[in-house]
Amino acid sequence: MKRNLGDRSIHPIGIGCLPMSTRDRRDDGRSVRTIHAAVDAGVQLLDTADAYARDESELGHNERLIGRALRSCSRREDVLVATKGGHTRRGSAWELDGRPEHLKAACEASLRRLEVECIDLYQFHRPDPAVPFEESVGALRELQQAGKVRLVGISNVTVAQIEAARRIVDVASVQNELSPCFAQPLRNGELETCERYGIAFLPWSPFGGIERAAVLGDAAAPLRAVAQRYGFSPYRVILAWLLACSEVVIPIPGASRPESALDSAQAPRVRLDRGDFDAIAGLFTPSPSSA
Ligand SMILES: NC(=O)c1ccc[n+]([C@@H]2O[C@H](COP(=O)([O-])OP(=O)(O)OC[C@H]3O[C@@H](n4cnc5c(N)ncnc54)[C@H](OP(=O)(O)O)[C@@H]3O)[C@@H](O)[C@H]2O)c1
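Keep in mind that what you see is a predicted model, and the values were worked out from it rather than measured. Note that residues are indexed from 1 along each chain, following the sequence as it is written. Note on the predicted model: pLDDT of at least 70 is required for a residue's local features to be given, and 80 or more for side-chain atom pairs to be given and counted; whole-chain, interface and lining totals, by contrast, use all residues. As a rule here, side-chain values come from all non-hydrogen atoms in the structure, and water together with hydrogens is ignored.

(A) Quick peek at the environment of proline 222. Strands here are runs of E lasting at least two residues and helices are runs of H or I lasting at least four, both read from the DSSP assignment and numbered beginning at the N terminus. Structurally, proline 222 can be placed in helix α9 (residues 221-230). Think of it in three bands: with a 1.4 Å probe and only protein chains considered, a residue is buried below 20% of the maximum accessible area for its type, exposed above 50%, and partly exposed in between. Judged by relative accessible area, which is 40%, proline 222 ranks as partly exposed. For the pair proline 222 and glycine 282, spaced 60 residues apart in sequence, the C-alpha to C-alpha distance is 9.6 Å.

Now the structure itself:
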């Protein structure tokens with residue numbers, strides 16, 4: 001099973017590298033081993049951002065880590081690196097800067113940290129209410145025209161913003177939150193819009209985020225039952241659920257341990273039947289009567 005991202009056909013599971021740069025992270029050596037394990041298992045998409053760091057003082061930590069890991073990677077040419085610009089850090093707080101001049105400077109810094117001449121997929125991290133969305137997306141188009149960026153993506157966007165971005169540039173991907181605990185893109189039309197235009201949909205926080213993922217082992221009974229029946233981890237079952245949501249979905253589960261990356265990379269082997277799919281959908285999503 002492969003999935004399309006722009007003009008590439010890739011392994012259906014990517015890896016999100018955020019947990020390699022959070023406050024409670026372990027050593028960078030383990031993170032490099034995690035990236036190598038993922039790539040050796042066939043993963044072809046690594047997701048990062050310039051702002052993935054503990055705080056402002058180490059901005060770019062995650063991108064530098066990927067640059068370092070890919071230097072010594074046997075299958076480098078198979079890997080797409082997806083990074084993002086548009087978030088900044090003040091201390092450990094997250095702020096926004098969607099001004100074209102910021103995005104262009106941020107892209108130059110990402111190119112240096114990733115040790116590449118062209119970024120495979122450059123994503124506008126989050127719309128900045130202080131800057132017209134079209135101006136931010138216009139900056140990404142200019143970066144693409146200048147050869148600094150191959151594919152353009154957008155993140156944390158509405159259907160109207162997807163439509164607006166498409167009028168400016170060829171949008172290769174949309175990265176929005178989607179998991180059984182946060183299924184709004186299924187209801188708000190974001191996933192459907194991506195399907196209509198053949199845009200890859202990269203669900204972030206597929207397990208509901210790092211903290212929720214840590215307790216998924218004590219999963220709710222229905223998820224445990226499905227996982228036991230297939231003989232797979234609950235993580236793989238959730239990823240299989242996301243893959244079954246649509247042909248355009250390419251989940252990017254976070255990982256900081258090789259074991260997590262290896263397990264997640266096997267998710268395409270799980271084929272859920274309709275009953276299991278519905279049981280997982282109803283697991284975390286509040287029913288209309290309880291909403
Ligand atoms: N665009 C945005 O605004 C945005 C926002 C948030 C995240 N993201 C992206 O989305 C990615 C995923 O989201 P996330 O990292 O926040 O949360 P997540 O994927 O829901 O959870 C990540 C955690 O799940 C654990 N995990 C993953 N696969 C596992 C497995 N097979 N078995 C056991 N544990 C497993 C990892 O543990 P270990 O660390 O122990 O390996 C990791 O810490 C991020 O890494 C980032 O690239 C984007």
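Next comes the rest of the account.
(B) Here's a closer look at helix α2 (residues 61-71). Counting buried positions over the 11 residues of α2 gives 8, a clear majority of the element. Of the residues making up α2, those classed as buried are His61, Asn62, Glu63, Leu65, Ile66, Gly67, Ala69 and Leu70. By definition in these notes, contact holds between two residues if any of their heavy atoms fall within 4.5 Å. Buried residues along α2 sit in contact with α1 (28-40), β4 (45-47), β5 (80-85) and α3 (100-114).

(C) Representation of the packing of aromatic side chains within the structure. In this scheme Phe, Tyr and Trp rings, the latter by its six-membered ring, pair at centre separations within 6.5 Å, and the angle between planes marks the pair as stacked below 30 degrees, edge-to-face above 60, and tilted otherwise. In the structure shown here, the tally under the stated rule is 4 aromatic pairs. Measuring from centroid to centroid gives 6.3 Å for tyrosine 52 and tryptophan 94, while their planes differ by 70 degrees, and the two rings are edge-to-face. Of this pair, tyrosine 52 sits in the loop between β4 and α2 while tryptophan 94 sits in strand β7 (residues 93-96), placing them 42 residues apart in sequence. Taking 5.1 Å as the distance between ring centres and 85 degrees as the angle between the ring planes, the aromatic pair formed by phenylalanine 207 and tyrosine 235 counts as edge-to-face. Placement of phenylalanine 207 in the loop between β11 (200-204) and α8 (210-214) and of tyrosine 235 in helix α10 (residues 234-245) is noted, with a sequence separation of 28 residues between them. Using a relative accessible area of 8% as the deciding quantity, one classes phenylalanine 207 as buried. Sitting over a ring, as applied to charges here, requires NZ of Lys or CZ of Arg to be within 6 Å of the ring centre and within 35 degrees of the ring normal. Its guanidinium or amino end placed over the ring of tryptophan 94, arginine 89 lies 4.0 Å from that ring's centre, counting from NZ or CZ.

(D) Just unusual backbone geometry, in detail. Despite not being glycine, glutamate 115 shows a phi value in the positive range, around 65 degrees. Note that glutamate 115 resides in the loop between α3 and β8 (119-124). For glutamate 115, a relative accessible area of 42% puts it in the partly exposed group.

(E) Fine view of the packing of α9 against α10. Packing of α9 against α10 leaves a shortest axis separation of 9 Å and a crossing angle of 95 degrees. When the axes of α9 and α10 are compared, the pair comes out roughly perpendicular. Where α9 approaches α10, its residues Leu223, Val226 and Ala227 are matched on the opposing element by Pro234, Val237 and Ile238. Residue composition of the contact of α9 with α10, grouped by class: 6 nonpolar, no polar and no charged. Interaxial angle, 0 to 180 degrees, is taken between N-to-C directions of lines fitted to C-alpha atoms, where a helix line uses only the stretch in contact. Here roughly perpendicular refers to angles of 65 to 115 degrees, roughly parallel to angles under 35, roughly antiparallel to angles over 145, and oblique to all remaining angles. Residue classes follow a fixed rule: Ala, Val, Leu, Ile, Met, Phe, Trp, Tyr, Cys and Pro count as nonpolar, while Asp, Glu, Lys and Arg count as charged, and any other residue, Gly among them, counts as polar.

(F) Fine view of the site of the ligand. Only a single heavy atom is needed: when it lies within 4 Å of a molecule or strand, its residue is near that molecule or strand. Around the ligand, the structure places 30 residues, and the nearest of them are Asp47, Ser256, Arg257, Ser260 and Asp263. Measuring from an oxygen atom of the ligand, one finds a backbone N or O atom of leucine 18 at 3.2 Å. A distance of 2.8 Å separates a nitrogen atom of the ligand from a polar side-chain atom of aspartate 263. Out of a free accessible area of 900 Å², the ligand has 90% covered by protein chains. Put simply, the ligand lies in the largest pocket. For the shell around the ligand, the secondary-structure elements that each account for two or more residues are α8 and α11 (258-265). If one sorts the elements of the shell around the ligand by residue count, α11 sits on top with 3 residues. Class assignment of the residues belonging to the shell around the ligand gives a composition of 13 nonpolar, 12 polar and 5 charged. Under the rule applied, a polar contact is a pair of N or O atoms within 3.5 Å (in protein, one hydrogen donor and one hydrogen acceptor; residues adjacent in sequence only if both atoms are side-chain atoms). To measure how exposed things are, a 1.4 Å probe is used in the Shrake-Rupley method; for residues, cover is taken only from the protein chains shown. Space inside and on the surface of the protein is sampled on a 1 Å grid over the protein atoms alone, with a cavity defined as a set of points where a 1.4 Å probe fits but cannot get out and a pocket as an open set with protein on both sides within 12 Å along at least 5 of 7 lines; lining residues have an atom within 4 Å of a point. A molecule is said to be in a cavity or pocket once over half of its atoms fall within 2 Å of that pocket's grid points.

(G) Focus on the packing of α3 against helix α4 (residues 133-145). Across the interface, α3 lies against α4 with an axial gap of 8 Å and an inter-helix angle of 35 degrees. Of the two possible hands of crossing, α3 and α4 adopt the one that is right-handed. Residues Pro100, Leu103, Lys104 and Cys107 of α3 touch α4, and the partners they reach there are Glu135, Ser136, Ala139, Leu140, Glu142 and Leu143. Partitioned by chemical class, the residues of the contact of α3 with α4 number 6 nonpolar, 1 polar and 3 charged. Whether a crossing is left-handed or right-handed is set by the direction in which the near helix is turned from the far one by less than a right angle, anticlockwise for left-handed and clockwise for right-handed.

(H) Examining the sheet that holds strand β9 (residues 149-155) more closely. The strand order across the open sheet built from 7 strands is β3-β4-β5-β8-β9-β10-β11, with neighbouring strands paired in parallel fashion. The strands lining the two open edges of the sheet, one partner per strand, are β3 (15-16) and β11. Note: β3 against β4, 2 bridges, orientation parallel. Following the sheet pairing, glycine 16 is matched in β4 by aspartate 47. Here, a strand pair is defined by DSSP locating no fewer than two bridges between the strands.

(I) A look at the pattern of salt bridges. Basic side-chain nitrogens of Lys or Arg form a salt bridge, by our definition, when they fall within 4 Å of a carboxyl oxygen of Asp or Glu. This structure, assessed with the given rule, holds 16 salt bridges. Arginine 99 is the partner of glutamate 101 in a salt bridge, and the nearest nitrogen-oxygen pair spans 3.2 Å. With a shortest N-O distance of 3.1 Å, arginine 229 and aspartate 276 are connected by a salt bridge. Remark: aspartate 276 occurs in helix α12 (residues 274-284) and arginine 229 occurs in helix α9; sequence separation between them is 47 residues. Relative accessible area serves as the criterion here: at 53%, arginine 229 is assigned to the exposed category. Here the salt bridges share partners, and the residues they tie into one network are Asp97, Arg99 and Glu101.

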